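Architecture and fold: a report
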Amino acid sequence: MHNLESMNDAVRVAQQILAGKIDPNLGCGLIANIGEKLNYPSELAVFMLLGHEQYGHEGLGITAESCVPNILDACRELLAAQA
C-alpha cells in the first residue's frame, strides 16, 4: 500500500474495511496512523482510541476481536460524514 497521509486515504481504508478487503483491526491501525500524521483531526479520533484499545487491554476484557463492531461503526460514520 502506498504512503497513507490524507483524509482521502483514511476514507479509502474505511471503504476497504467495510468491503472486507482489509482486516478491521489492521485497517483501524492504518487510519489511526493517518490521524497522527494529520495532527489528530476529530474525524479520526475514534480510530486512534480504538487502535489503542484493541491491544494490551485483554485483562480488562477488551480484545482486538471485541473492537471490530466498533471499528465497523466508525468506518460507516466516517464515510457518512464525508459523503
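Notes on the structure in this doc start here. (Residues numbered from 1 in each chain as written. Predicted model: local features only at pLDDT ≥ 70, side-chain atom pairs only at ≥ 80, totals over all residues. Heavy atoms only, no water.)

**Overview of helix 1 (residues 7-18)**
- In this model, helix 1 (12 residues) spans 17 Å end to end at C-alpha, consistent with the 16 Å of a helix rising 1.5 Å per residue.
- Its buried side turned inward, helix 1 meets helix 2 (24-37) and helix 4 (64-82). (Helix = DSSP H or I, 4+ residues; strand = E, 2+ residues; numbered from the N terminus. Expected span 1.5 Å × (residues − 1). Contact = heavy atoms within 4.5 Å.)

**Some points on the environment of Asp73**
- Looking at where Asp73 falls in the secondary structure, it is placed in helix 4.
- A sequence separation of 10 residues divides Asp73 from Thr63, and the C-alpha atoms of the two residues are 16 Å apart.

**Some remarks on the environment of Asn70**
- Locating Asn70 in the fold gives a position in helix 4.
- With relative accessibility at 40%, the residue Asn70 sits in the partly exposed group. (Buried < 20%, exposed > 50% of the residue type's maximum accessible area, 1.4 Å probe, protein only.)

**Topic: the packing of helix 1 against helix 4**
- Taken N-terminus to C-terminus, the directions of helix 1 and helix 4 make an angle of 130°; their axes are 9 Å apart at the nearest point. Of the possible angle classes, the one that applies to helix 1 and helix 4 is oblique. Our pair here, helix 1 against helix 4, has a crossing hand that is left-handed. Note on element contacts: helix 4 touches helix 1 through Leu72, Cys75, Arg76, Leu78, Leu79 and Gln82, opposite Met7, Ala10, Val11, Ala14, Gln15, Ile17 and Leu18.
- Broken down by class, the residue content of the contact of helix 1 with helix 4 amounts to 10 nonpolar, two polar and one charged. (Axes fitted to C-alpha atoms, helices over the stretch in contact; angles between N-to-C directions. Parallel < 35°, antiparallel > 145°, perpendicular 65-115°, else oblique. Left-handed = near helix turned anticlockwise from the far one by under 90°. Nonpolar A, V, L, I, M, F, W, Y, C, P; charged D, E, K, R; others polar.)

Purely geometric numbers; function is a separate question.
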